[in-house]
Each structure stands twice: as C-alpha cells, then as structure tokens.
Amino acid sequence: MKSTASVAAVLALAASTAAQTQNSVASNEAGKPVQFTLPCGADLLLDDFSQERIWTAPPPSNEVKRQNALGGDWGMAGGNFTINPTAKTMTITPAKVPTPWPAEAFNPGTVPTFNYFYTQFTDQRQIFNKACANLTAFEALELEVTAPAGFDFNITYTQRARGDCDTRIFDSVYRAFTSYYKTPGVKATIRLPFSDFSKDLSGADFNYAWNKDITLINLVNARPTDSLVVSRATLKGRSCSSPIPGGNSSTNGTTGSGSPSNSSSNDPTKNQGNSGNSLAVGLSAVVGAVGAAFAALF
C-alpha cells in the first residue's frame, strides 16, 4: 500500500477534478437560458479568486473583461475593482459617476444610480452580451465579505422576459447590504436567499428561470479608499423538496407601474441603491476518477 501522503495527494486530485467538472460551462442553446444540471442540493462555486480570468470581447466592443469561474463578467461603472489571486480576494472601491442614470422601465420609482457592480451566471465568451441563466437549481448566493463601517449599497437580481433572452424586465426588490452584514470590519459569510428577492419592482413574482445577473447598486463608503472585500462567492443548491423562489418562476414580463415598498431593507428611494450552460456535473466521471485514483494506490 502506498503512503498516507500519496492517499492525500490522490484525494486532492480527485477533489480538483470534481471542482473542474462542476464548473465546466457548455455553450448555451440560442435564445434560451443556460441550464444548470446539478443534483438536488449541490452547490456551485461562482469564484474563489484564485485566478484572474481575462478575455477580450468580440468586435465592435473589444472590451477587456474579467470573468468569474462560470465565465460571467465581473463589471463596474463608477469606481474600480481588483482581483488578487495571491490573497484570493476581490476588492471593490466605489466612486460616483459625474452624471447619475435616472430610473428606467426596469427600475421604476428608484433614485438615480451613481454607480453599480454586477456579475453574471452565463459564459460570455459563448453568448456575449446575452446573459440569461436558469437559477432554479439554487436557493441563494453566499458571499464571504469584509466591509468597513459606513459601507452600504442595494442588492437586486435582474431578469429577462420569459421566452426572450434579449429583453430586460423589472428588477427584483432591493435589499440593503447591511441587513445581511452586521459587524463592520469582520470577515463574515452572508447568505442572500432568493426568497428575499422573490418579488420584482412591479409586485409580480421574480422569475429565476430567466435571470440576467445580480447587481450591487449605489455603493457608498465613509472614506474614498474604503472598499468591499469579497473572498468567495457560491451558489447554494436547492433541495428537491424546496419550492422554487418567486412562485413558479414563469412570469411573462407583463409591465406595471408599481413602486417598491418603503421598508428599510428594500427601499431604493432611500438607500444608496442599477445596472444598465448547460453545465454537466458529470458525477459518474468524478466517481470514476476517484475509484481509478484509489485503484492506483494498491
């Protein structure tokens, strides 16, 4: 029998193989949301910032982009962000744009947007500028974060019209970052349950089957150098018995004029708070890899 160190090395290799398999992103079927085919309750890594993934968008954009582990862009308007693979962190430092964007059809009744940060769940190298993903296999986004006192922003999920990966409709209700992050200066894991964002700004069910992205809106800091530090982002799997957030996730994108409710946790008129895969887990392959690896030890 081989040494304990060899066994540990094989287990590490198997774990790495599993992670790579789970994060492999296949091309999206034209005009339909990316589908995540994971077992019930399986989590999916969005990013651990162990590497900086850079690519150049196709013409006429030619924009240099940074991506998460699923291939979705990290993006920001107003301020800047950096990814440090050595520290395994992403640091977001906001600033206000000179001319804020007024409310639009997808975020009625909200205050002007002076900055935003977003990420997508769709591999943009394959369907550039058409972020559209079915997130009903999950129930939350979990973030490991650190922020100083006075740092706050609004959080919203954005959506496409059902049957149309090009048309953006009402954003979800807004929630304040500080309603989840309670102790400034301390690294914490916060969970953003989809159920907290199950209604859109018109009062209809938010459709997670046609998600566009998640957006952080109107980030404010007490000092210009104050930053939000993110060290991990994970989509948390939904159990088979759990209901799909947002009703049946079949909203058809009918328009309305409803304004967001005026609570301290989701009032975009008062808070700092908008932006404007078929993924095969291959469990049998992972199990096979583990089995083959153990066989090589004996």
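In case you missed it, the structure is sitting above this.
Scope of this entry: the structure provided in the associated data block. (Residues numbered from 1 in each chain as written. Predicted model: local features only at pLDDT ≥ 70, side-chain atom pairs only at ≥ 80, totals over all residues. Heavy atoms only, no water.)

### Focus on unusual backbone geometry
The test is simple: A helix here means a DSSP run of H or I that spans at least four residues, while a strand means a run of E at least two residues long, and both kinds are numbered starting from the N terminus. Working definition: with a 1.4 Å probe on protein chains only, accessible area under 20% of the residue-type maximum means buried, over 50% means exposed, and in between means partly exposed.
Pro60 follows Pro59 through a cis peptide bond whose omega is 5°. Structurally, Pro60 can be placed in the loop between β3 (53-56) and β4 (64-67). Phi is positive for Phe49, close to 60°, though the residue is something other than glycine. Secondary-structure assignment places Phe49 in the loop between β2 (44-47) and β3. A residue is classified by how much of its surface remains accessible, and Phe49, at 0% relative accessible area, is buried.

### Examining the packing of aromatic side chains
The condition that has to hold: Aromatic rings from Phe, Tyr and Trp, taking only the six-membered ring of Trp, are treated as a pair when their centres fall within 6.5 Å; an angle between ring planes under 30 degrees marks them as stacked, one over 60 as edge-to-face, and anything in between as tilted. Any Lys NZ or Arg CZ found within 6 Å of a ring centre and within 35 degrees of that ring's normal is scored as a charge over the ring.
Tallied over the entire structure, the rule returns 14 aromatic pairs. Measuring from centroid to centroid gives 4.5 Å for Phe153 and Phe177, while their planes differ by 20°, and the two rings are stacked. Taken together, the positions of Phe153 in strand β10 (residues 152-161) and Phe177 in the loop between β12 (175-176) and β13 (188-193) put the pair 24 residues apart, joining distant regions of the chain. Side by side, Phe153 and Phe177 carry an identical accessibility label, which is buried. Arranged with centres 4.4 Å apart and planes meeting at 10°, the rings of Phe194 and Tyr208 form a pair that is stacked. Here Phe194, found in the loop between β13 and β14 (211-220), pairs with Tyr208, found in the loop between β13 and β14; they are 14 residues apart in sequence, far enough to count as distant. Like Tyr208, Phe194 is buried. Site record: aromatic cluster; members linked through ring pairs are Tyr157, Phe194, Phe197, Phe206 and Tyr208. Sitting above the plane of the Phe81 ring, Arg66 keeps its charged end 3.8 Å from the centroid.

### Describing the state of the cysteines
Quick reminder of the rule: Disulfide: a pair of cysteine sulfur atoms within 2.5 Å of each other.
The tally for this structure, following the rule as stated, stands at 2 disulfides. Covalently, Cys40 is tied to Cys240 through a disulfide, its sulfur atoms 1.5 Å apart. The sign of the 85° torsion about the S-S bond sets the Cys40-Cys240 disulfide as right-handed. Of this pair, Cys40 sits in the loop between β1 (36-37) and β2 while Cys240 sits in the loop between β15 (228-237) and β16 (279-280), and the two are 200 residues apart along the sequence.

### Side note on empty space enclosed by the protein
The criterion, for reference: Only protein atoms enter the 1 Å grid used here. Points where a 1.4 Å probe fits but cannot escape make up a cavity, open sets with protein on both sides within 12 Å along at least five of seven lines make up a pocket, and a residue lines them when an atom lies within 4 Å of a point. Grid points are joined across faces, edges and corners, and a volume is the space filled by probe spheres set on the points.
Computed from the structure, the largest cavity encloses a volume of approximately 160 Å³. Where the lining of the largest cavity is concerned, the elements lending two or more residues are β7 (89-94), β8 (116-119), β9 (138-146), β10, β14 and β15.

### Here's the deal with the pattern of salt bridges
Here is the rule: Each salt bridge in this description consists of a side-chain nitrogen of Lys or Arg and a carboxyl oxygen of Asp or Glu lying within 4 Å of one another.
Counted by the stated rule, this structure contains 13 salt bridges. In this structure, Arg191 engages Glu142 in a salt bridge whose closest nitrogen and oxygen atoms are separated by 3.3 Å. With Arg191 in strand β13 and Glu142 in strand β9, this pair connects stretches of sequence that are 49 residues apart. What makes Arg191 partly exposed here is its relative accessible area of 33%. One network of salt bridges, with partners in common, ties together Asp43, Glu139, Glu142, Arg191 and Lys236.

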